[in-house]
Amino acid sequence: MSALPNMHDAESIPPEARAEIDRLLQSGDLFRYTAPQDAPVTLLEQEFAQFLGSRYALAVSSCSAALFLSLKALDLPRNAAVLIPGFTFAAVPSAVVHADCRPVLCEVGTDYRIDLDDFAAKLPDVQAVIISHMRGHTSDMDAILTLCAALDVPVIEDAAHSLGTTWRGRNIGTLGRIGCFSFQSYKLINAGEGGILVTDDADLVARAIIMSGAYEQNWAKHGAVHTACATWQNLLPLYNLRLSNLSAAVIRPQIPHIARRVRDGRRNHDHVAHALTASPWINVPSKLSPEERAPDSLQFNLSGMSDDEVLAFVAAAESAGIKVQVFGLSRDNARAFWNWQFLPDLPDLPQTRAMLMRACDTRLPARLTLVECEAVAQLLLTAADQVMSLPTRAYGT
Ligand SMILES: *Cc1c(COP(=O)(O)O)cnc(C)c1O
């Protein structure tokens, strides 16, 4: 069997980043608002907005900061209810709490997407919605946008892990009022840390710009939103969630690599997903038809296995060299809603809980070759076979 690939290392940062980083180190010009114009962070915002087809972009310190600022920019009343999926990263309910709002959790299906019946039932009682396209799985945005438009509820897209995904040919993150992306190391663009929000709404972005820390007249370096920013002068708190020029210098040269990473990630994912159909115990949910995915990891559900067998599968995969996490069975997992104990009224979501107890997560970097992906698939298939056939053999003649 071919050697198992390294599943964890990041792709190296494009060498084009070096000259700009050297220039910044030479000049010491690391703050986005020092240069009179064309600071790396400003150029990143222009390039990212253009790449996605959005009117405005605001780069900030993380996707969590972008989510927080989005909620603040919507000017929701204190304690407003915000509907979020029961399957998301802990940063999402955290951003809601941080913005003095109250998260309302919605059930999620075995395909990791929002349960539309539960969503429609809870929507009339909330003032905003955050849709997390968790691990890049897009919920039914046609249905969600229609339901939210009917009730005039604003939609924030948490597209942290969905850069490059499209829905009916449109970029994820540009479908709702605001879209938020992450540049943390496990996402499609890696700057260690960083985030960005995009919107077509001048007033919203103006409020977010000021609150992100464009103090005094620094907002004048944000181009076409002068009038909107001037309206809010001195009226908003400054949370100082800015991005550094060094981070922008690491991010910008990766934008031209997005298309390749998306193409290779999808190829790798689909190859392994197809190979896994050979197992009666492994199910990879299909994408929705309007969706074109940009995966850099693989999620699949185990079926017909007890908790012990699921844990034995994880151990077998690990001893063969592949780290698989079951969201609901790995300790303190930040994507298991029952671990969000900082929330005062943690609900029970039986359907989401059942999914989390069988849903597996493994990295599948875009840089792997198909031969390496085949090795990964064979190892997962063998691990499931091993676990499920051992008891039978033990009882045999
Ligand atoms: C990574 C991630 C976040 C948080 O992003 P940060 O930039 O680390 O704050 C939020 N939501 C989802 C779905 C993520 O995958």
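Quick note: structure is the one above.
Here's what I pulled together on the structure shown here. Position labels on residues start from 1 in each chain and follow its written sequence. Given that this is a predicted model, residues contribute local features only at a pLDDT of at least 70 and side-chain atom pairs are listed and counted only at 80 or more, while totals for whole chains, interfaces and linings are drawn from all residues. Calculation of side-chain values draws on the structure's entire complement of heavy atoms; hydrogens and water are dropped beforehand.

Take the overall build of the protein next. For the protein, the count of helices and strands is 13 helices and 14 strands. Only C-alpha atoms enter the radius of gyration, while the globule expectation follows 2.2 Å times N to the 0.38, with N the number of residues. For 397 residues, the compact-globule estimate of 2.2 N^0.38 gives 21 Å, and the C-alpha radius of gyration of the protein, at 22 Å, lies within 12% of that figure. Across its three principal axes, the protein shows a C-alpha extent of roughly 85 × 50 × 35 Å. In the protein, buried positions account for 56% of the 397 residues. Two residues qualify as a contact provided that any one of their heavy atoms is within 4.5 Å of a heavy atom in the partner residue. Partitioning the intrachain contacts of the protein with sequence separation of at least 6 by distance along the chain shows that 71% fall at a separation of at least 24. Each charge sign in the protein was given a centre, from 33 positive and 43 negative side chains, and these centres are 3 Å apart. Helical segments are the DSSP runs of H or I of at least four residues, strand segments are the runs of E of at least two, and each set is numbered from the N terminus. With a 1.4 Å probe rolled over the protein chains alone, any residue whose accessible area is under 20% of its type maximum counts as buried; one over 50% counts as exposed, and the rest are partly exposed. Note on charges: Lys and Arg go in the positive column, Asp and Glu in the negative column, and His and the chain ends are not counted at all. Just so you know, the charge point we use is NZ for Lys, CZ for Arg, CG for Asp and CD for Glu.

Once that is clear, we can look at the sheet that holds strand S13 (residues 325-326). Sheet architecture is open: 4 strands sit in the order S10-S12-S14-S13, paired in antiparallel fashion. The sheet terminates laterally at strand S10 (282-283) and S13, the two strands that pair on one side only. A pair of strands is labelled paired if DSSP reports no fewer than 2 bridges between them. When S13 meets strand S14 (residues 359-363), the two strands line up antiparallel, connected through 2 bridges. When the sheet's bridge partners are listed, Val326 is paired in S14 with Cys360. Together, S10 and strand S12 (297-302) form the strand contacts of helix H10 (residues 258-276), whose direction differs from that of S12 by roughly 20°. Convention adopted: a line fitted to C-alpha atoms gives each axis, helices being fitted over their contacting stretch, and angles between N-to-C directions are expressed from 0 to 180 degrees. On top of the sheet, helix H11 (residues 307-319) reaches S12, S13 and S14; it is set at about 145° to S12, its chief contact.

Turning our attention to the nonpolar core. Throughout, nonpolar core names a set of buried Ala, Val, Leu, Ile, Met, Phe, Trp, Tyr and Cys residues whose side chains join them through atoms within 4.5 Å. Among the nonpolar cores identified, the biggest contains 59 residues, and Val82, Ile130 and Leu197 are the most heavily contacted of them. Broken down by element, this core gets its largest block of residues, 8 residues, from helix H3 (residues 63-73). With sequence-adjacent residues up to four places away left out, Val82 is seen in contact with Leu71, Leu76, Val96, Cys101, Arg102, Pro103, Val104, Ala128, Val129 and Ile130.

Below, the discussion takes up unusual backbone geometry. One non-glycine residue, Asn234, lies in positive phi territory at about 65°. Of note, Asn234 is situated in the loop between helix H8 (226-231) and helix H9 (245-251). Located in the positive-phi region is Asn240, a residue other than glycine, with phi close to 50°. Topologically, Asn240 is positioned in the loop between H8 and H9. For Asn240, a relative accessible area of 43% puts it in the partly exposed group.

So, on to the sheet that holds strand S3 (residues 102-106). Pairing in this open sheet of 7 strands is mixed, and the strands run S1-S9-S8-S5-S4-S2-S3 from one edge to the other. Only two strands of the sheet have a single neighbouring strand rather than two, namely strand S1 (56-60) and S3. Neighbour-to-neighbour, the strand axes of the sheet open up by a mean angle of 20°, direction not taken into account. The pairing of S1 with strand S9 (residues 195-199) spans 5 bridges and is antiparallel. Residue pairing in the sheet places Leu58 in a bridge with Leu197 of S9. Across the face of the sheet, helix H2 (residues 40-52) comes into contact with S1, strand S8 (178-182) and S9 while running at roughly 130° to S1.

Before going further, it helps to spend a moment on the packing of aromatic side chains. Here is the rule: rings of Phe, Tyr and Trp (six-membered ring for Trp) pair when centre to centre is within 6.5 Å. Planes less than 30 degrees apart are stacked, more than 60 are edge-to-face, and the remainder are tilted. All told, the structure shown has 8 aromatic pairs when counted by the stated rule. With 5.4 Å between their ring centres and 75° between their planes, Phe48 and Phe181 make a pair best called edge-to-face. With Phe48 in helix H2 and Phe181 in strand S8, this residue pair connects regions lying 133 residues apart in the sequence. The same class applies to Phe48 and to Phe181, which are both buried. Centre to centre, the rings of Phe337 and Trp338 are 5.2 Å apart; their planes meet at 80°, and the pair counts as edge-to-face. Comparing Phe337 with Trp338 shows no difference in burial state: the two are buried. Against the face of Trp232 rests Arg207, its NZ or CZ located 4.3 Å from the ring centre. Placement of a positive charge over a ring is assigned whenever Lys NZ or Arg CZ falls within 6 Å of the ring centre and within 35 degrees of the normal to the ring plane.

Right, let's talk about H11 for a bit. For an α-helix, 3.6 residues make a turn, and residues three or four places apart therefore share a direction. Given a helix with a known number of residues, its expected span is that number minus one, times 1.5 Å. Across its 13 residues, H11 extends 18 Å between first and last C-alpha, which sits within 8% of the 18 Å expected from 1.5 Å per residue. When we look at burial in H11, the residues that qualify are Val310, Phe313, Val314, Ala316 and Ala317. The arc enclosing the buried residues of H11, seen along the axis, measures out at 165°, which places them on a common side. Along H11, exposed side chains directed more than 90 degrees from the buried face belong to Asp308 and Ser319. With its phi angle positive at about 110°, Gly321 sits one or two positions after the end of H11. What the arc measures is the spread of directions leading from the helix axis to the C-beta atoms.

On to the site of the ligand. Each residue is tested against the molecule or strand, and it is near if at least one of its non-hydrogen atoms lies within 4 Å. Lining the immediate surroundings of the ligand are Ser62, Cys63, Ser64, Phe89, Met134, Asp158, Ala160, His161, Ser182, Gln184, Lys187 and Gly194. A distance of 2.8 Å separates a nitrogen atom of the ligand from a polar side-chain atom of Asp158. A total of 380 Å² of accessible area belongs to the ligand in isolation, and the protein chains cover 92% of it. Tallied by class, the residues present in the shell around the ligand amount to 4 nonpolar, 6 polar and 2 charged. For the purposes of these results, a polar contact is taken to be a pair of N or O atoms within 3.5 Å, where, inside protein, one atom must be able to donate a hydrogen and its partner to accept one; residues adjacent in sequence count only when each atom of the pair is a side-chain atom. Using the Shrake-Rupley algorithm and a 1.4 Å probe, accessible areas are obtained, with residue cover drawn only from the displayed protein chains. Only Asp, Glu, Lys and Arg are considered charged, only Ala, Val, Leu, Ile, Met, Phe, Trp, Tyr, Cys and Pro nonpolar, and every remaining residue, Gly among them, polar.

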